Amino acid sequence: MAALRAGKTNNEADQPSSPVLRFGADKPLKLDAGTLLSPFQIAYQTYGTLNDARSNAILVCHALTGDQHVASTNPVTGKPGWWEVLIGPGRIIDTNRFFVICSNVIGGCLGSTGPASTNPATGKPYGLDLPVITIRDMVRAQQMLIDHFGIEKLFCVLGGSMGGMQVLEWASSYPERVFSALPIATGARHSSQNIAFHEVGRQAVMADPDWHGGKYFEHGKRPEKGLAVARMAAHITYLSEAALHRKFGRNLQDREALTFGFDADFQIESYLRHQGMTFVDRFDANSYLYMTRSMDYFDLAADHGGRLADAFAGTKTRFCLVSFTSDWLFPTEESRSIVHALNAAGASVSFVEIETDRGHDAFLLDEPELFAAINGFIGSAARARGLSA
Amino acid sequence: MSVNGSQRVDLEVVANLIPPQSRVLDVGSGDGSLLELLQDTKQVDGRGLELSQRGVNECVARGLSVIQGDADKDLEFYPDKGFDFVVLSQTLQATRNPKLVLDELLRIGNRAIVSFPNFGHWRVRLSLFVKGRMPVTQDLPYSWYDTPNIHFCTIRDFVNLCEELGATVEKATALDAAGQKIGLSMPWWFWNFFGQQAVFLLKRS
């Protein structure tokens with residue numbers, strides 16, 4: 001556990017405990033930054049069995065701080081997979097029926113090439129020498145992984161938040177390889193407010209003296225304080241005011257009265273500090289910079305002459321979008337504008353807004369209406385694809 | 001947004017107007033009954049637009065391709081002639097701008113199918129004439145102050161609107177209170193008096 005402790009190199013980054021696919025000099029990854037990444041590797045997990053027709057594959061795209069361990073125990077935290085409520089044997093996304101693939105994104109820190117990985121040119125971690133990674137770069141790498149499995153067309157690509165951005169990018173860049181797409185709680189671009197929050201997080205990391213310009217591993221340090229603050233600020237944006245108040249109110253933490261000091265008097269303070277502390281145990285600070293940047297740079301309409309509908313022109317992919325009423329990071333309007341673009345492109349699209357006070361993070365939680373929508377969408381897509389129940 | 005208390009006897013009439021494998025947009029798809037009927041019996045490529053979030057969530061959970069949206073606002077996002085048929089079933093009278101909505105239907109679909117309750121039905125006339133009160137019938141169960149039906153029309157009114165919009169009536173059917181088709185040979189005034197509901201198949205002239 002806690003493989004990312006200060007002073008050690010990040011073992012999961014180079015030698016992940018999940019399967020890993022390594023691409024040599026003959027297969028570089030073309031990056032939007034204008035360079036080639038080579039060699040590079042993709043760490044992934046799979047669940048279930050690929051059928052003979054290779055038509056039952058579902059690609060799950062993870063969010064900002066997610067990883068490939070979507071439906072099995074996380075080797076770093078020892079906790080269950082991050083979407084086990086949805087994916088597994090007998091679950092809504094039934095791994096007895098579907099072949100589920102989830103890979104760590106490029107720029108991540110759990111085994112796919114990222115800033116914590118060893119740069120073969122120097123023998124040291126890349127740090128900021130890794131070019132900035134975009135959502136499209138992540139998807140391009142995933143596509144190489146899908147090729148490796150010999151899968152022509154994915155039955156479904158799904159994911160929430162940053163994962164949803166990858167889903168949209170997949171559907172736009174490789175429409176013929178995506179039978180159905182399920183982007184949840186996401187947007188076709190990162191809003192100014194969202195970029196602002198990310199910048200706060202990055203500045204917190206970089207203001208930590210232990211960051212050392214990104215070369216903290218070489219100094220035997222990690223910018224834990226800065227990264228924890230970044231996580232605390234971000235975590236607030238994943239919830240909602242109503243949910244926070246419902247959960248914590250103004251309740252005091254293990255005390256009868258205010259202390260007239262700056263200890264964590266309130267439960268919410270204690271909760272956030274805990275969130276920050278546990279996060280630094282499992283995540284690399286530089287990777288956090290790269291992940292947030294990839295989302296900031298995402299603007300699917302801008303990639304298509306400013307017209308989002310053109311990103312989906314002629315698409316035959318079946319779409320289902322989901323948003324949550326209390327999500328202020330990716331409000332329903334963001335999904336609705338994608339729906340309008342898909343309408344204009346003549347695409348098959350469903351769109352569900354789910355009433356909940358649990359904010360952006362609702363997509364990771366046990367939300368019966370979300371599951372009902374996913375179940376209905378996947379079920380009808382499976383019938384259309386000719387997959388047996 | 002199917003705002004009608006009846007058993008939707010018009011659904012089968014609508015379904016019979018649509019050939020198999022058509023591309024269909026159902027505006028005001030409600031709980032998805034029509035889309036499901038069309039998918040099961042006609043294997044159509046069906047999409048829905050529905051105002052109530054509950055209706056949409058139910059539809060999607062049933063595997064139908066439906067989005068939340070407002071017929072008054074969201075039709076503009078659909079491309080010209082994107083569908084073979086656009087259906088507006090029991091919804092016209094609840095829109096804010098029925099003329100604009102009908103115009104949009106004719107733009108989006110090669111053909112439009114519109115069904116609506118006929119405010120010229122004799123029971124409605126009788127209620128106003130005898131009681132002097134806004135009619136509340138089994139078919140139209142709302143009081144005047146809480147009805148979502150803000151733009152009622154009669155069959156004659158609707159025919160006039162079609163003329164104004166340059167739409168050709170390719171087929172029209174009136175249903176009596178029992179949901180039975182009223183004989184084709186009957187004149188408009190007869191339909192307008194005895195038809196409880198009407199179903200029109202339209203095409204831009």
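Throughout, residues of each chain are indexed from 1 in the direction in which the sequence is written. Here the convention is simple: chains get letters from A, ligands get numbers from 1, in the order in which they are written. Restriction of local features to residues with pLDDT of at least 70 applies here, the model being predicted, together with a cutoff of 80 or more for giving and counting side-chain atom pairs; totals for whole chains, interfaces and linings are based on all residues.

Asks: What is the right way to read the overall build of chain B from this model?
Replies: Secondary structure is summarised from DSSP: a helix means a run of H or I of at least four residues, a strand means a run of E of at least two, and numbering begins at the N terminus for each. Scanning chain B from terminus to terminus reveals eight helices and seven strands. Overall, the C-alpha framework of chain B stretches about 45 × 35 × 30 Å when taken along its three principal axes. Burial is judged by counting other C-beta atoms within 10 Å of a residue's own C-beta: 20 or more means buried, 12 or fewer means exposed, and anything between counts as partly exposed, with every C-beta placed from the backbone. Per-residue burial for chain B yields a buried fraction of 47% across its 205 residues. Taking the intrachain contacts of chain B between residues at least 6 apart in sequence as the baseline, contacts between residues at least 24 apart amount to 67%. Any residue pair is listed as a contact if its two C-beta atoms, each placed from the backbone, are within 7 Å.

Asks: What exactly am I supposed to notice about the domain arrangement of chain A here?
Replies: By a frequent convention, interface size equals the accessible area lost on bringing the separate parts together. All names here are of chain A. Boundaries between domains were set according to an automatic or database domain assignment. Domain assignment breaks chain A into domain 1 (11-189 + 299-385) and domain 2 (194-293). A separation of 26 Å is found between the C-alpha centroids of domain 1 and domain 2. At the interface, 26 residues of domain 1 touch 21 residues of domain 2. Here the term charged refers only to Asp, Glu, Lys and Arg, the term nonpolar to Ala, Val, Leu, Ile, Met, Phe, Trp, Tyr, Cys and Pro, and the term polar to all other amino acids, Gly among them. Looking at side-chain class alone, the side of domain 1 that touches domain 2 contains 13 nonpolar, nine polar and four charged residues.

Asks: Explain the packing of helix 4 (residues 192-207) of chain A against helix 8 (residues 285-297) of chain A here, please?
Replies: Each pair of packed helices gets described by two things: the angle between the helix axes and the distance between those axes. All names here are of chain A. Helix axes use the C-alpha atoms of the stretch in contact, all axes being lines fitted to C-alpha atoms, and the angles between their N-to-C directions lie in the range 0 to 180 degrees. Two elements in contact, helix 4 and helix 8, have axes separated by 10 Å at closest approach and are oriented at 160°. Classified by the angle their axes make, helix 4 and helix 8 are roughly antiparallel. In this structure, helix 4 meets helix 8 at a crossing whose hand is left-handed. From helix 4, I195, H198, G201, R202 and V205 reach across to helix 8, where they touch A285, Y288, L289, T292, M295 and D296. Orientation labels follow simple angle bins: below 35 degrees gives roughly parallel, above 145 gives roughly antiparallel, 65 to 115 gives roughly perpendicular, and whatever is left gives oblique. Each helix crossing is assigned a hand: it is left-handed if the near helix lies turned anticlockwise from the far helix by less than a right angle, otherwise right-handed if that turn is clockwise.

Asks: Explain helix 7 (residues 155-164) of chain B here, please?
Replies: Residues separated by three or four positions in an α-helix point in the same direction, a consequence of the helix having 3.6 residues per turn. Residues and elements named next belong to chain B. The set of residues buried in helix 7 consists of I155, F158 and C162. On an axial view of helix 7, the arc spanned by its buried residues comes to 60°, and they lie on one face. Along helix 7, exposed side chains directed more than 90 degrees from the buried face belong to N160, E163 and E164. Where helix 7 is buried, its residues meet strand 5 (109-117), strand 6 (167-175), helix 8 (188-194) and strand 7 (197-204). Directions from the helix axis toward the C-beta atoms define the arc.

Asks: Help me out: how do you make sense of the interface of chain B and chain A in this one?
Replies: Counting residues at the interface gives 16 residues for chain B, matched by 20 residues for chain A. Of all elements in the fold, only helix 3 (53-61) and strand 3 (66-68) of chain B reach the threshold of two or more residues within the side of chain B that touches chain A. In terms of residue count, helix 3 of chain B provides more of the side of chain B that touches chain A than any other element does, five residues in total. The residue inventory of the side of chain B that touches chain A, partitioned by class, reads eight nonpolar, six polar and two charged.

Asks: Explain the confidence of the model for chain B here, please?
Replies: One rule of thumb: low pLDDT means the predicted coordinates there are not for detailed reading. All names here are of chain B. Per residue, pLDDT measures the predictor's confidence, with a range of 0 to 100. When pLDDT is averaged across chain B, the result is 89; 96% of the residues are at 70 or more. Long-range and interchain partners of residues 1-7, a stretch whose pLDDT sits below 50, account for 24 contacts in this model, where long-range means more than four residues apart. Interface confidence in the predicted complex, given as ipTM, is 0.85; pTM for the same model is 0.92.

Asks: Any chance you could explain the packing of helix 4 of chain A against helix 5 (residues 224-238) of chain A here in plain terms?
Replies: Residue and element names in this part refer to chain A. The contact between helix 4 and helix 5 brings their axes to 7 Å, and the two run at 165°. One way to sum up the angle between helix 4 and helix 5 is to call them roughly antiparallel. Seen along the crossing, helix 4 lies across helix 5 with a hand that is right-handed. Of the residues in helix 5, those in contact with F197, V200, G201, A204, V205, M206 and A207 of helix 4 are G226, L227, V229, A230, A233, A234 and T237.

Asks: Explain the environment of A345 of chain A to me, please; I cannot follow it from the model alone.
Replies: Residues and elements named next belong to chain A. Turning to its location among the elements, A345 is positioned in the loop between helix 9 (332-344) and strand 14 (348-354). A residue is classified by how many C-beta atoms lie within 10 Å of it, and A345, with 21 of them, is buried. Taking C-alpha positions, A345 is 36 Å from G114, a pair spaced 231 residues apart along the chain. A345 has contacts with A309, F312, A313 and T315, leaving out every residue within four places of it along the chain.

Asks: What is the right way to look at the nonpolar core in this model?
Replies: Note on soluble globular proteins: their nonpolar side chains tend to be buried together. Residue and element names in this part refer to chain A. If you look at the biggest cluster of nonpolar residues, it comprises 163 residues, and the most contacted ones within it are I58, V100 and L154. Split by domain, this core shows at least three residues from each of two domains, domain 1 (11-189 + 299-385) and domain 2 (194-293). What I58 contacts, discounting residues up to four positions off in sequence, is I93, F98, F99, V100, L154, F155, C156 and L158. Nonpolar cores are identified as sets of buried Ala, Val, Leu, Ile, Met, Phe, Trp, Tyr and Cys residues joined via C-beta atoms within 7 Å.

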